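Geometric and topological summary
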Amino acid sequence: PVEGLPIICGLDFGRDPAAAFCQCINGQWRVLTEVIGNNESAELFAPRIKRHLAEKYPGWRVEFWGDPRGADGNQANEQTAYDIFRSHGMKVLPATTDNSPELRRSAVEAVLSRRNGFRINTTCLTAKIGFGGGYHYPKIKGTGMFSERPRKNLYSHVVEAVENAILGGGEGDAIVTMPERMR
């Protein structure tokens, strides 16, 4: 990481949560590290994220941007993933208000279309495979068209965590405030 710039942590919640730790340096987004959960709640995942920050980024300023669904209550009580992270000293903000697939795709496409706009650390294997095709929109049989929703799999959670970091880190605002931009 580059000193003086914040670490931007994108989060995707659910039973298979993921976190992507990124930085934006002169318009280039870098995925520095990733933490992948496996059938675990926010109650177990939040302390893992806190330990990861203490080990990899002690003393760094960190912004947390999450899936807007993380603000939804769970089935057992009214506590949200955002509440659980806040209780561990990490204030998570929603990366978007409506979780629009078009906005998510447009923001990531804008980053990917820049010359040297995106890099992934070689240690982030799940994100690398996800961006290399593991995360995708399945074809609708017999139509030649693609589904509006991505296929949920091992790679989708970390890629969506990266999307949340990119959106929360300002790329979503850039897309929305540039109406002349082709989407």
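All of these numbers come straight from a predicted model, not from anything done at the bench.

Concerning the environment of isoleucine 36
- If you trace the backbone, isoleucine 36 turns up in strand E3 (residues 28-36).
- Relative accessible area serves as the criterion here: at 26%, isoleucine 36 is assigned to the partly exposed category.

Side note on helix H4 (residues 125-134)
- Taken together, the buried positions of H4 are Thr126, Ala127, Gly130 and Gly134. Angularly, the buried residues of H4 cover 120° about the axis, an arc narrow enough to put them on a single face. With respect to the buried face of H4, the exposed residues turned more than 90 degrees away are Leu125 and Gly132.

Looking at the state of the cysteines
- Taken as a whole, this structure holds 0 disulfides when the rule is applied.
- With no disulfide of its own, cysteine 9 has cysteine 22 as its nearest cysteine by sulfur position, at a separation of 8.0 Å.
- The thiol sulfur of cysteine 124 is not disulfide-bonded, and the nearest other cysteine sulfur, from cysteine 22, lies at 8.2 Å.

Comments concerning the pairing of strand E4 (residues 62-66)
- In the sheet, strand E1 (residues 7-12) pairs with E4 via 5 bridges, with the strands oriented parallel. Paired with leucine 11 across the two strands is glycine 66, which belongs to E4.
- Sheet analysis places E4 next to strand E5 (residues 92-94), joined by 3 bridges and oriented parallel. Among the inter-strand pairings, phenylalanine 64 is bridged to a residue of E5, identified as valine 92.

Observations regarding the nonpolar core
- In this structure, Cys22, Trp29, Val31, Phe118, Val162 and Ile166 are the most contacted members of the largest nonpolar core, which totals 24 residues.
- Secondary-structure elements contributing two or more residues to this core are strand E2 (18-25), E3, helix H3 (101-113) and helix H5 (156-176).
- With 7 residues, H5 is the single largest residue contributor to this core.
- Setting aside chain neighbours within four positions, we find cysteine 22 in contact with Pro6, Ile7, Ile8, Trp29, Arg30, Val31, Leu32 and Ala165.

A closer look at the packing of aromatic side chains
- In the structure shown here, the tally under the stated rule is 6 aromatic pairs.
- Ring centres of phenylalanine 118 and phenylalanine 131 lie 4.8 Å apart, and the angle between their planes is 50°; on these two criteria the pair is classed as tilted. Of this pair, phenylalanine 118 sits in strand E6 (residues 118-120) while phenylalanine 131 sits in helix H4, and the two are 13 residues apart along the sequence.
- With relative accessibility at 18%, the residue phenylalanine 118 sits in the buried group.
- Among the residues examined, phenylalanine 131 registers a relative accessible area of 26% and is labelled partly exposed.
- Taken together, Phe13, Phe45, Tyr82 and Phe85 form an aromatic cluster joined through their ring pairs.

Points about the confidence of the model for the chain
- On average, residues of the chain score 88 in pLDDT, and 90% of them reach the 70 mark or higher.
- Predicted confidence for residues 179-183 stays below pLDDT 50, and this span has 7 contacts to residues more than four positions away or in other chains.

Quick notes on helix H1 (residues 42-56)
- Helix length check: H1 (15 residues) gives 20 Å between terminal C-alpha atoms against 21 Å at 1.5 Å per residue, within 8%.
- For H1, the complete set of buried residues consists of Ala42, Phe45, Ala46, Ile49, His52 and Leu53. The buried residues of H1 all sit within an arc of 125° when viewed along its axis, so they share a single face. Opposite the buried face of H1, at more than 90 degrees from it, the exposed residues are Leu44, Ala54 and Glu55.

Cut-off values and rules
- Residues numbered from 1 in each chain as written.
- Predicted model: local features only at pLDDT ≥ 70, side-chain atom pairs only at ≥ 80, totals over all residues.
- Heavy atoms only, no water.
- Helix = DSSP H or I, 4+ residues; strand = E, 2+ residues; numbered from the N terminus.
- Buried < 20%, exposed > 50% of the residue type's maximum accessible area, 1.4 Å probe, protein only.
- Arc of directions from axis to C-beta.
- Disulfide = S-S within 2.5 Å.
- Pairing = 2+ DSSP bridges.
- Core = buried A, V, L, I, M, F, W, Y, C linked by side-chain atoms within 4.5 Å.
- Contact = heavy atoms within 4.5 Å.
- Phe/Tyr/Trp six-rings, centres within 6.5 Å; stacked < 30°, edge-to-face > 60°.
- pLDDT = per-residue confidence, 0-100.
- Expected span 1.5 Å × (residues − 1).

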